[in-house]
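Each chain, letter by letter, is given below.
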Amino acid sequence: METVRVGSVEEFGPAPAKKVVEVAGMEVGVFRLEDGFHAWRNDCPHQGGPVCQGRIYRRVLETLDTGRRSLGRRYDEERINIVCPWHGLEYDIRTGRHPGNEGLALESVAVQVQGGEVYVSL
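Residues numbered from 1 in each chain as written. Predicted model: local features only at pLDDT ≥ 70, side-chain atom pairs only at ≥ 80, totals over all residues. Heavy atoms only, no water.

Student: When you look at the packing of aromatic side chains in this model, what are you seeing that I'm missing?
Tutor: Two measures describe an aromatic ring pair: the distance that separates the ring centres and the angle between the ring planes. For the structure shown, the criterion picks out one aromatic pair. On the numbers, 5.0 Å between centres and 75° between planes, the contact of Phe12 with Phe37 is edge-to-face. Pair noted here: Phe12 is in helix H1 (residues 9-12) and Phe37 is in strand E4 (residues 36-41), with a separation of 25 residues, a long-range link. Taken individually, Phe12 and Phe37 each receive the classification buried, so the pair is uniform in this respect. (Phe/Tyr/Trp six-rings, centres within 6.5 Å; stacked < 30°, edge-to-face > 60°. Helix = DSSP H or I, 4+ residues; strand = E, 2+ residues; numbered from the N terminus. Buried < 20%, exposed > 50% of the residue type's maximum accessible area, 1.4 Å probe, protein only.)

The following block contains the structure:
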C-alpha cells in the first residue's frame, strides 16, 4: 500500500473544499467537509467521467404537492454532493452513494490527517 501526502489541512482552505491528485497512476479526489476529509477515486460509475472534478453542491430537494406538482426547491443543509461534469449524476461526498440509486457508488480511497498533513493510501 502506498501512502502519499496530498497537502496540509490549511492548503485545502475552508470547507467545503477539494483537491484532485494523482497517486500511483490513479486520480483521487480529496474533499474537506466540516466533519473531516473524504477521498474517492476520480471515476464516475455511470460512464467513467471525472466525477471529482465536478462542482460541490448541497443536495437539492424538490417539494411536491399531492398532485406531484413542484412547490419549489430547497437545499439540504446536512448533505453535500459532488456533481459529475459529464452527465450531472450526484454523489454524497460523505458516503460516495448516489442519492436516488444505491447501486451507484464511488470507490473509496483511505484518507487520514496526521500532524496537520493530509495523506491518502492506495
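Student: Before we go on, may I ask you to explain the pattern of salt bridges in this structure?
Tutor: Side-chain pairing between opposite charges can occur once the charged atoms of the two side chains come close. The final tally for this structure, using the stated rule, is seven salt bridges. Ionic pairing is found between Arg5 and Glu11, a salt bridge with its closest N-O pair at 3.1 Å. Judged by relative accessible area, which is 42%, Arg5 ranks as partly exposed. In this structure, Lys19 and Glu11 form a salt bridge, with 3.3 Å as the shortest nitrogen-oxygen distance. You can call Lys19 partly exposed: its relative accessible area is 26%. If you follow the salt bridges from partner to partner, you end up with Arg5, Glu11, Lys19 and Glu117 in one network. (Salt bridge = Lys/Arg side-chain N within 4 Å of Asp/Glu carboxyl O.)

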